[in-house]
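# Descriptive structure summary
Residues per chain, in single letters:
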Amino acid sequence: MNKLSYLALGLSALTLTACNNANETASADEFSGPSRPECIAPAKPGGGFDLTCKLAQAGLRDTGILSDPMRVTYIPGGVGAVAYNKIVANDRSNEDAIVAFSTGSILNLSQGKFGKFTEKDVKWLAGVGTDYGAIAVNADSPIKDLAGLVAELKSNPKAVSFAAGGSVGGQDWMQTAILAKAVGVNPSDMTYVAMEGGGEAITAVMGNHVTVVSAGIAEIMPQATAGKLRVLAVFADERLGGSMADVPTAVEQGYDVTWPVVRGYYMGPDVSPAAYDWWKASFDKMLADPKFAELREQQELLPFSMTGEELEAYVYKRTGELRELSAEYGLVDAAAK
């Protein structure tokens with residue numbers, strides 16, 4: 001099987017005082033910053049979107065860009081679909097709000113899971129970090145390594161339950177499907193328990209309600225470090241550093257599977273050019289600051305820095321690639337536009 005590796009990315013917004021709708025050619029100098037800065041996490045607390053918002057919250061504060069604290073608002077539903085529809089349909093010019101996204105958001109967009117809206121209906125703001133997909137079991141599980149999990153899958157795939165944020169076809173399902181296909185198991189034979197976010201899936205595994213959690217390594221590591229989870233594999237090309245140095249990759253265990261996860265932010269489609277430029281310049285400044293690099297590393301994320309038009313082009317390209325991947329895995333109806 002050929003190595004599979006896919007990325008994708010995210011949004012932001014703010015409020016421009018009196019001349020919001022009057023001046024389409026306003027410069028960034030005419031927008032002095034948000035009055036009530038907000039990051040929308042499109043899931044319940046505890047998962048990757050929450051992590052992404054808190055990274056912006058801390059980064060913009062610690063680098064001195066925002067003096068007022070950024071609040072985090074949770075809008076779960078459809079693994080990002082509810083938040084996306086809210087911004088595009090009902091809050092198009094909100095210049096105070098940025099919205100977290102990940103590769104999973106782009107995958108769902110590629111499959112038409114956000115309703116009538118596409119990747120071209122928001123303003124993509126900044127990509128600020130990347131982690132990788134991973135799978136883990138309860139620390140007390142009899143499954144000790146990836147070979148043990150593969151043996152269980154081959155013996156009785158229905159008996160091994162995977163919990164993940166999102167439905168069949170989502171990014172956490174996709175990485176388990178790629179693994180299953182690599183070991184000769186039909187992904188449709190697996191037991192998959194769809195949850196609203198990675199936080200719920202991790203809780204389910206720690207409670208012994210399911211066998212395996214599929215999520216991002218950054219989501220999993222806090223509980224792994226606390227001794228509550230055992231990470232069987234990270235879907236990276238090579239071992240990661242820091243606290244993840246002891247986590248084996250699927251590749252080194254003989255399974256050629258990789259899945260990078262980009263994290264970032266987007267904004268509403270009618271945010272003024274002045275406000276968008278202010279946010280973009282703020283993220284450019286934050287990404288260049290060594291203080292943010294330290295914060296990103298503390299969150300177990302790896303460097304990824306892309307903003308504005310460059311990010312937009314990247315998202316459009318990746319969405320097309322993920323549409324092709326979705327068709328390959330039998331998600332043709334979902335992927336059709």
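A brief structural summary. (Residues numbered from 1 in each chain as written. Predicted model: local features only at pLDDT ≥ 70, side-chain atom pairs only at ≥ 80, totals over all residues. Heavy atoms only, no water.)

### Some details on the overall build of the protein chain
Condition: Where helices and strands are cited, they refer to DSSP runs of H or I of at least four residues and of E of at least two residues respectively, numbered from the N terminus. The rule is simple: take the accessible area with a 1.4 Å probe, protein chains only, and divide by the maximum for that residue type; under 20% is buried, over 50% is exposed, in between is partly exposed. Reported accessibility uses the Shrake-Rupley method at a 1.4 Å probe radius. Residues are deemed covered only where the shown protein chains occlude them.
A tally of helices and strands in the protein chain yields eleven helices and ten strands. Going through the 337 residues of the protein chain one by one, you find that 58% of them count as buried. Accessible surface, the protein chain: about 13100 Å² in total, of which carbon and sulfur atoms supply 49%.

### With respect to the pattern of salt bridges
Pairing is possible between side chains that carry opposite charge, provided their charged atoms lie close to one another. Keep this limit in mind: Salt bridges are defined as contacts in which a side-chain nitrogen from Lys or Arg sits within 4 Å of a carboxyl oxygen from Asp or Glu.
This structure, assessed with the given rule, holds 14 salt bridges. One salt bridge in this structure joins K86 and D91, with 3.2 Å as the shortest N-O distance. Between K317 and E321 there is a salt bridge, with the nearest N and O atoms lying 2.7 Å from each other. Taken together, the positions of K317 and E321, both in helix α10 (residues 308–328) and four residues apart, correspond to about one turn of that helix. For E321, a relative accessible area of 25% corresponds to the partly exposed category. Sharing partners across several salt bridges, the network here consists of D131, E219 and R263.

### Comments concerning the state of the cysteines
Heads up, the rule is: Note that a disulfide, as used here, is simply two cysteine sulfur atoms within 2.5 Å.
Enumeration according to the criterion identifies one disulfide in this entry. A sulfur-sulfur distance of 2.1 Å marks the disulfide that ties C39 to C53. Between C39 and C53, the disulfide has an S-S torsion of -75° and is therefore left-handed. Of the two residues, C39 is situated in strand β1 (residues 38–41) and C53 in helix α1 (residues 48–62); the sequence distance between them amounts to 14 residues.

### A closer look at the packing of α1 against helix α8 (residues 273–287)
To characterise two packed helices, one gives the angle between the axes of the helices and the distance between these axes. Selection criterion: Angles run from 0 to 180 degrees between N-to-C directions of axes, and those axes are lines fitted to C-alpha atoms, restricted for helices to the stretch in contact. Just so you know how the angles are binned, under 35 degrees is roughly parallel, over 145 roughly antiparallel, 65 to 115 roughly perpendicular, and the rest oblique. We call two residues in contact whenever any of their non-hydrogen atoms come within 4.5 Å of each other. Each residue gets one label: Ala, Val, Leu, Ile, Met, Phe, Trp, Tyr, Cys and Pro are nonpolar, Asp, Glu, Lys and Arg are charged, and the others, such as Gly, are polar.
The geometry of α1 relative to α8 is characterised by a closest axis approach of 10 Å and an angle of 80° between their N-to-C directions. The angle between α1 and α8 falls in the class roughly perpendicular. Of the residues in α8, those in contact with A56, G59 and L60 of α1 are W279, F283 and M286. Here the contact of α1 with α8 is built from residues that sort into five nonpolar, one polar and no charged.

### Overview of helix α4 (residues 146–155)
So the rule is basically this: By construction, the arc corresponds to the directions joining the helix axis to the C-beta atoms.
Within the span of α4, buried status applies to L146, L149, V150 and L153. Seen along its axis, α4 keeps its buried residues to an arc of 100°; they face one direction.

### Section: the packing of aromatic side chains
Note the following rule: Pairing of aromatic rings covers Phe, Tyr and the six-membered ring of Trp, with a centre-to-centre limit of 6.5 Å; geometry is then stacked below 30 degrees between planes, edge-to-face above 60, and tilted otherwise. Only when the NZ of Lys or the CZ of Arg is both within 6 Å of the ring centre and within 35 degrees of the ring normal is a charge said to sit over the ring.
Throughout the structure, instances matching the rule amount to nine aromatic pairs. Taken together, a centroid distance of 5.2 Å and an interplanar angle of 85° make the contact between W278 and W279 edge-to-face. Overall, W278 belongs to the buried group, its relative accessible area being 14%. Stacked on the ring of Y316, the Lys or Arg K120 has its end atom at 5.5 Å from the ring centre. Over the ring of Y329 we find K181, and its NZ or CZ is 4.8 Å from the ring centre.

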